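Coordinate analysis (summary)
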Amino acid sequence: MTSEMITYICKRTVVSTKPAQAGKCNPLSVFDRLMEKNHIRIVYYFPSTRNGEPGVVTKKLRESLSHVLTCFPIVTGRLQKKDDGHWMIKCNDAGVRMVEARAQGSVEEWLKNVNRDKELMLVTWEDMFHKPYFWATFYVQLTEFEEGGLAIGFSCSHLLADPTSATMFVKAWADTTLAGTMLAPPFFHPLPPPRLGNKNPNHNPYTDLINHYKSTIDDRSPAFTNNITNYVTATLAFSGPMVQACMLDTSRPSPFEAMAGLLWVCVSKVKGMKQGLISMSICLDMRKQLGLDKGFFGNCLVYNKVHHAESLLDKSELSEAARAVGESVTKMNNERIMDLIEWLEHHDYEFPPLMNGHDLICANLEDLDPYATLFEEGFVPIRVSYYVEPVFGIGQILVLQSPPSEGPLSRMVMVTLPADELSKLCDDDLILRFNPTILMG
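The text that follows walks through the structure, step by step, so that each part is easy to find. Everything numeric here is computed off the predicted structure, so don't read it as measured data.

The next thing to look at is the overall build of the protein. For the protein, the helix and strand inventory stands at 13 helices and 16 strands. Relative to the 2.2 N^0.38 estimate, which gives 22 Å for 441 residues, the radius of gyration of the protein is 22 Å and therefore close to what a compact globule would have. C-alpha atoms of the protein, sized along the principal axes, occupy 60 × 50 × 40 Å. Residue burial in the protein is summarised as follows: out of 441 residues, 57% are buried. Here the contacts in the protein between residues at least 6 apart in sequence split such that 80% fall between residues at least 24 apart. When the accessible area of the protein is evaluated, it comes to approximately 19,100 Å², of which 52% is carbon and sulfur surface. Positive and negative charge centroids in the protein, built from 42 and 51 side chains respectively, lie 3 Å apart.

Before going further, it helps to examine empty space enclosed by the protein. With the rule as written, the count across this model stands at two cavities of 30 Å³ or more. Volume-wise, the largest cavity comes out at about 60 Å³. Every residue lining the largest cavity is listed: His-158, Pro-163, Cys-283, Leu-301, Tyr-303, Ile-361, Ala-363, Leu-365, Val-388, Gln-396 and Leu-398. For the lining of the largest cavity, the elements supplying multiple residues, two or more each, are β11 (301-305), β12 (360-365) and β14 (395-401). No other element matches β12, which puts three residues into the lining of the largest cavity. Size it by volume and the second largest cavity reaches roughly 50 Å³. Lining the second largest cavity are Leu-365, Leu-368, Pro-370, Tyr-371, Val-384, Tyr-386, Leu-400, Gln-401 and Met-412.

In this section: a negative patch on the surface. Taken together, Glu-108, Glu-109, Glu-146 and Glu-147 make up a surface patch of like negative charges. Here Glu-146 shows up in the loop between β7 (138-145) and β8 (150-157). Using a relative accessible area of 59% as the deciding quantity, one classes Glu-146 as exposed.

We now examine the packing of aromatic side chains. Evaluation of the coordinates by the stated rule reveals 13 aromatic pairs. When the ring of Phe-46 is compared with that of Phe-375, the centres are 5.7 Å apart and the planes differ by 85 degrees; the resulting orientation is edge-to-face. With Phe-46 in strand β3 (residues 39-46) and Phe-375 in the loop between β12 and β13 (383-389), this pair connects stretches of sequence that are 329 residues apart. Judged by relative accessible area, which is 5%, Phe-46 ranks as buried.

Spatial strand order, β2-β5-β4: three strands in an open sheet with antiparallel pairing. The open sheet has two free edges, formed respectively by β2 (25-27) and β4 (78-81), since each of these has just one partner strand. Strand-to-strand twist across the sheet, computed as the mean angle between neighbouring axes with direction ignored, equals 35 degrees. Relative to strand β5 (residues 87-90), β2 runs antiparallel, the two sharing three bridges. Directly across from Pro-27, in β5, lies its bridge partner Met-88.

A cluster of nonpolar side chains, namely Phe-129, Tyr-133 and Phe-134, defines an oily patch on the protein surface of about 310 Å² accessible area. As for its position among the elements, Tyr-133 is in the loop between α5 (116-120) and β7.

On to the sheet that holds β3, then. Reading across the sheet, the six strands line up as β1-β6-β7-β8-β3-β13 and stay open at both edges, with mixed pairing between neighbours. Bordering the open sheet on either side are β1 (6-14) and β13, each of which pairs with just one other strand. Averaged over all pairs of adjacent strands, the angle between strand axes in this sheet comes to 15 degrees, irrespective of strand direction. Where β3 and β8 come together, eight bridges link them in antiparallel fashion. Opposite Tyr-45, over in β8, you have Ala-151 as the bridge partner.

In this section: the layout of surface pockets. In this structure, the largest pocket encloses a volume near 980 Å³. In terms of lining, the largest pocket is formed by 30 residues, of which the most central are Thr-164, Arg-287, Lys-294, Asp-367 and Leu-368. Looking at the lining of the largest pocket, the element that brings in the most residues is helix α6 (residues 163-179), giving six residues.

The next point concerns the pairing of strand β10 (residues 280-285). When you tally the buried positions in β10, you get five out of six residues, the bulk of the element. Here β10 runs beside β12; their pairing, made up of four bridges, is parallel. Along β12, the bridge assignment pairs Ser-281 with Ile-361. Alignment of β10 against β11, held across five bridges, turns out to be antiparallel. When the sheet's bridge partners are listed, Ser-281 is paired in β11 with Lys-305.

Rules used throughout
Every chain's residues receive numbers from 1 upward, in the order its sequence appears when written. Note on the predicted model: pLDDT of at least 70 is required for a residue's local features to be given, and 80 or more for side-chain atom pairs to be given and counted; whole-chain, interface and lining totals, by contrast, use all residues. For side-chain calculations, the full set of non-hydrogen atoms in the structure is used, while hydrogens and water are omitted. Secondary structure elements are taken from DSSP: a helix is a run of H or I of four residues or more, a strand is a run of E of two residues or more, and numbering for both begins at the N terminus. Only the C-alpha atoms count toward the radius of gyration. The rule for a globule is 2.2 Å times the residue count to the power 0.38. To sort residues, take the accessible area from a 1.4 Å probe on protein chains only and compare it with the maximum for the residue type: under 20% means buried, over 50% means exposed, and anything in between is partly exposed. Residue contacts are counted whenever heavy atoms from the two residues lie within 4.5 Å of one another. A 1.4 Å probe and the Shrake-Rupley method give the accessible areas. Residues count as covered only by the protein chains that appear here. In this count, Lys and Arg are taken as positive residues and Asp and Glu as negative ones, while His and the chain termini are left out. Positions of charges follow a simple convention, taking NZ of Lys, CZ of Arg, CG of Asp or CD of Glu. Grid points spaced at 1 Å over the protein atoms alone were grouped into cavities, where a 1.4 Å probe fits but cannot get out, and pockets, open sets with protein on both sides within 12 Å along at least five of seven lines, with lining residues defined by an atom within 4 Å of a point. Grid points are joined across faces, edges and corners, and a volume is the space filled by probe spheres set on the points. Patches here are clusters of residues that have more than 30% relative accessible area and form no salt bridge, with a 9 Å joining cutoff for like charges and a 5 Å cutoff for nonpolar side chains (Val, Leu, Ile, Met, Phe, Trp, Tyr). One speaks of a salt bridge when a side-chain nitrogen belonging to Lys or Arg is within 4 Å of a carboxyl oxygen belonging to Asp or Glu. Each pair of aromatic rings taken from Phe, Tyr and Trp, with Trp reduced to its six-membered ring, is defined by centres within 6.5 Å and is described as stacked if the planes are under 30 degrees apart, edge-to-face if over 60, and tilted in the remaining cases. Strand pairing is assigned whenever DSSP detects at least two bridges linking the two strands. Think of each axis as a best-fit line through the C-alpha atoms, taken over the contacting stretch in the case of a helix, with angles from 0 to 180 degrees between the N-to-C directions.

Here it is, written out as structure tokens:
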């Protein structure tokens, strides 16, 4: 694989068609600030269209991007520190960075042998500039394939948006391109305020979740500050019948709990665990639990440690792992998340943690619907990949929807591990029992 496969034509700044309100600033929440060290990358692949003239699609998308940005002042703004030392966004219409590129062959040929390194060539990202006020926090890359097809790469700082918000932005852009109007506008408002009723002296906060965050924030392990591990990513496509079989084997009614339990057990094996399982945390979107609108723009992902028995019998290991995941999911309710928010508000920290740098992270991204993103009538994405970067420590699992044509129970699981471990995972007997198709890796 060489860089000659892609030609980068230009890099420009795209601004909104209407100026933001003068002097407007947006503070960032405690959940936002925790994600400062991370960023998100998404790649959408679209099939060949009838528009064969190079640059026609790119010009149309660039123009519609300017229109949609008028409703997303945070996206075109820049970071600035408040008097208390926390970041805020100054809505100054500085714009997003757009990269235009051409790729050899067709998108369908590209997908036949794509890997992590090739895929990340389709989504531009630049780390924070030493003068943050001049640094763009959102990037778009449009790559037209010479023989047909388009890849749209979207990236942003996790400080400003989680995968749900990022997906919502691209959907709004697509709606504006296709129909000239945004079907679901964003909402920029803070997290729920502290509860007045919490002055009850008998209230006992949910300490497990708080302790997990406290240990992550307090951990200053140098092992994760200079990561040289060669991580690779595989995308495993599980059919609906195979996900259902896994649900039956684990006695869990949730596809996420079944998939998380399966990957937890298998990754533990390739990590060399002879008894018990490696340390794992799940990551869930809490918009529904907090009563927030689906259009809430910002961060609402919460991490929680999964606790399990130290010793699991071989025959019950898979079901026990899925059960432990299910218990952690159940414990993440409104009251406990509010306990966490209030604790974070009252316990300031000088340095942001690396939230995905210690445990094996398993994120539930099933509720995202990137396949509803239509920039042109009839041309739905043929594949969508997500990355939460950087990856450190044990590794990362993202559980995603499959294209609707694959059925409601089908799932795509993106697994990022050190190269030698991922190779073993793809050959693991338990994984192979559920017959996944390896789409990348």
